[in-house]
Amino acid sequence: MSSASINATTISTPTLDTESSVLLQSITSHGGYAYARMATLAAAGDLRAAEAAREMAWEQLHSGPWHSVLPVWRDAYSMACLHVAKFHFSNGEFRDALRALDMGIIMGGPLLRKDLDSAIEVVSAAKARQYDNGGADADNEGGEKAGSRLLVCPEELDKSEVLRILPIGSLSSKIVGKRSALSLEGFLRDAFLSGSPVIITDCMAHWPARTRWNDVDYLRRVAGDRTVPVEVGKNYLCSEWKQELITFSQFLERVQSNGCRCKVPTYLAQHQLFDQINELRKDISVPDYCYAGGGELRSLNAWFGPAGTVTPLHHDPHHNILAQVVGKKYVRLYSASYYEELYPYSETMLNNSSQSAFGGAILEVQRCLNIVVISPWSNWTSYQNHNWKIYIQAEENN
């Protein structure tokens, strides 16, 4: 965080100040006359107009499938969020300001992203000062309900418990091989070029995340008031599955209260959390394996949730490096040669997923590969070629 943002008393929006006129003209050319009027009033100091402009842009974002939304309306939403955040910040309402800015990042366009990021630094610094001074906003949301300070208590793997939870025969198939501190040359030769999955141990020992992310107090302190998108339901193939926007503190509270497996889990899945919350990004390092073969890093996502969450059997369009930081997961892989026998959905949106609740219900166990690991205690990363089909089940908070 820069010293300028630590001492700032107002939210500076240089990109918005420069691009506002052009953006409003573009919005007007797409029928957004009412929005342009409200945004102009908002810039002049009208809070109600700012909220009205944000609502108008929100309606446009939900006027059809996401891919059909005009990009200008995403930028319009970011603009309105910045106006709303400015008002909340000037009134000392830092949590409300952060929520408005996060919504601009999650739902908005790229034009004003730098303004949103810098504004979050300013608001976070002001909130930290208020916390240090014992202000009313210093109480951590849901802090009194936090319970244990550790998200997951380190303990040995109870194989009998794992066997009780997983389908019969889950641990009787071939186990993916482990390599300790595998060199990049070895990774290219033995895994990447051959398309073979591998577990790489002892390559994350230097990550601050290994200890920090198991500390509930730390997670609340650096991200508690940030708004994140979560999935509610066992997995995305279930009819009751839905998405919500909640604060990270609310999410942590749900994770910790998920002791009963009959509860519907809340899962922070496949979200670019590290682009949104820079403090968490500083806790990890991108493994060199991600650049094997001269490729580029396509995405950097986070999966964070309680025991019992499931990622259905599916395949991804890109190669994967899965770095398990906290907790236990069961992973099952199938070679691409069994694709048709796994009954993929025919619908375009789901054609990368299997109709089977679990791959083992279709194919005998001997045809798959298993990964059963503990982390951070065993400190592992796994590589999976994009042609392999993968199923993941969380055995505890992770």
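Calculation rules
Residues numbered from 1 in each chain as written. Predicted model: local features only at pLDDT ≥ 70, side-chain atom pairs only at ≥ 80, totals over all residues. Heavy atoms only, no water. Helix = DSSP H or I, 4+ residues; strand = E, 2+ residues; numbered from the N terminus. Contact = heavy atoms within 4.5 Å. Salt bridge = Lys/Arg side-chain N within 4 Å of Asp/Glu carboxyl O. Buried < 20%, exposed > 50% of the residue type's maximum accessible area, 1.4 Å probe, protein only. Core = buried A, V, L, I, M, F, W, Y, C linked by side-chain atoms within 4.5 Å. Pairing = 2+ DSSP bridges. Axes fitted to C-alpha atoms, helices over the stretch in contact; angles between N-to-C directions. Polar contact = N/O pair within 3.5 Å; in protein donor to acceptor, adjacent residues only side chain to side chain. Phe/Tyr/Trp six-rings, centres within 6.5 Å; stacked < 30°, edge-to-face > 60°.

### With respect to the overall build of the chain
So, step 1. When its secondary structure is counted, the chain shows 14 helices and 13 strands.
So, step 2. Looking at the chain alone, contacts between residues at least 24 apart form 77% of all its contacts between residues at least 6 apart.

### Side note on the pattern of salt bridges
So, step 1. Counted under the stated rule, the structure contains eleven salt bridges.
So, step 2. A salt bridge links D102 to R226, with the shortest nitrogen-to-oxygen separation between them at 2.7 Å. Here the residue D102 occupies a position in helix 6 (residues 94-107), and R226 occupies one in the loop between helix 11 (216-223) and strand 4 (227-232), the gap between them amounting to 124 residues. Pair check on accessibility: D102 and R226 agree, each one buried.
So, step 3. Across the salt bridge formed by K127 and D225, the nearest N and O atoms sit 2.6 Å from each other. In this pair, K127 is assigned in helix 7 (residues 113-132) and D225 in the loop between helix 11 and strand 4, connecting sequence segments 98 residues apart. Neither K127 nor D225 differs from the other in exposure class; each is buried.

### Let's talk about unusual backbone geometry
So, step 1. For D202, which is not glycine, the phi torsion reads 60° and is therefore positive.
So, step 2. With a phi close to 50°, Q270 is a non-glycine residue in the positive phi region.
So, step 3. Tracing the chain through its elements places Q270 in strand 6 (residues 266-271).

### Here's the deal with the nonpolar core
So, step 1. Among the nonpolar cores identified, the biggest contains 43 residues, and I27, Y35, W73, M79, F89, L101 and V123 are the most heavily contacted of them.
So, step 2. Listed by contribution, the elements that provide at least two residues to this core are helix 2 (14-29), helix 3 (33-43), helix 4 (47-61), helix 5 (71-90), helix 6 and helix 7.
So, step 3. The leading source of residues in this core is helix 5, at twelve residues.
So, step 4. Beyond its immediate chain neighbours, meaning those up to four positions away, V123 contacts I11, F89, F94, A97, L98 and L101.
So, step 5. Core analysis: the second largest hydrophobic core is formed by 39 residues, L182, V216, A223 and V230 among them.

### Points about the sheet that holds strand 4
Sheet strands line up and pair through hydrogen bonds in the backbone, either parallel or antiparallel.
So, step 1. Reading across the sheet, the four strands line up as 5-4-6-7 and stay open at both edges, with antiparallel pairing between neighbours. Of all the strands in the sheet, the pair left with one neighbour each is strand 5 (242-247) and strand 7 (302-304). The sheet shows a mean angle of 35° between the axes of neighbouring strands, taken without regard to direction.
So, step 2. Together, strand 4, strand 5, strand 6 and strand 7 form the strand contacts of helix 12 (residues 248-256), whose direction differs from that of strand 5 by roughly 115°.

### What to know about the side chain of R226
So, step 1. Overall, R226 belongs to the buried group, its relative accessible area being 4%.
So, step 2. There is a polar contact of 3.1 Å between the side chain of R226 and the backbone oxygen of Q276.
So, step 3. Those residues in contact with R226, other than ones at most four positions away along the chain, are L98, D102, I120, I246, T247, F248, Q276, I277 and E279.

### Points about the packing of aromatic side chains
So, step 1. This structure, assessed with the given rule, holds nine aromatic pairs.
So, step 2. Between the aromatic rings of F187 and F192, the centroid separation amounts to 6.4 Å while the plane-to-plane angle is 35°, which identifies the pairing as tilted. Neither residue differs from the other here; F187 and F192 are each classed as buried.
So, step 3. For the pair W213 and F274, a centre-to-centre distance of 5.8 Å together with 10° between the ring planes defines the contact as stacked. Of this pair, W213 sits in the loop between helix 10 (209-212) and helix 11 while F274 is found in helix 13 (residues 273-276), placing the two residues 61 residues apart along the sequence.
So, step 4. By relative accessible area, W213 is classed as buried at 15%.
So, step 5. Cluster of aromatic residues (ring-pair linked, three or more members): F187, F192 and Y289.

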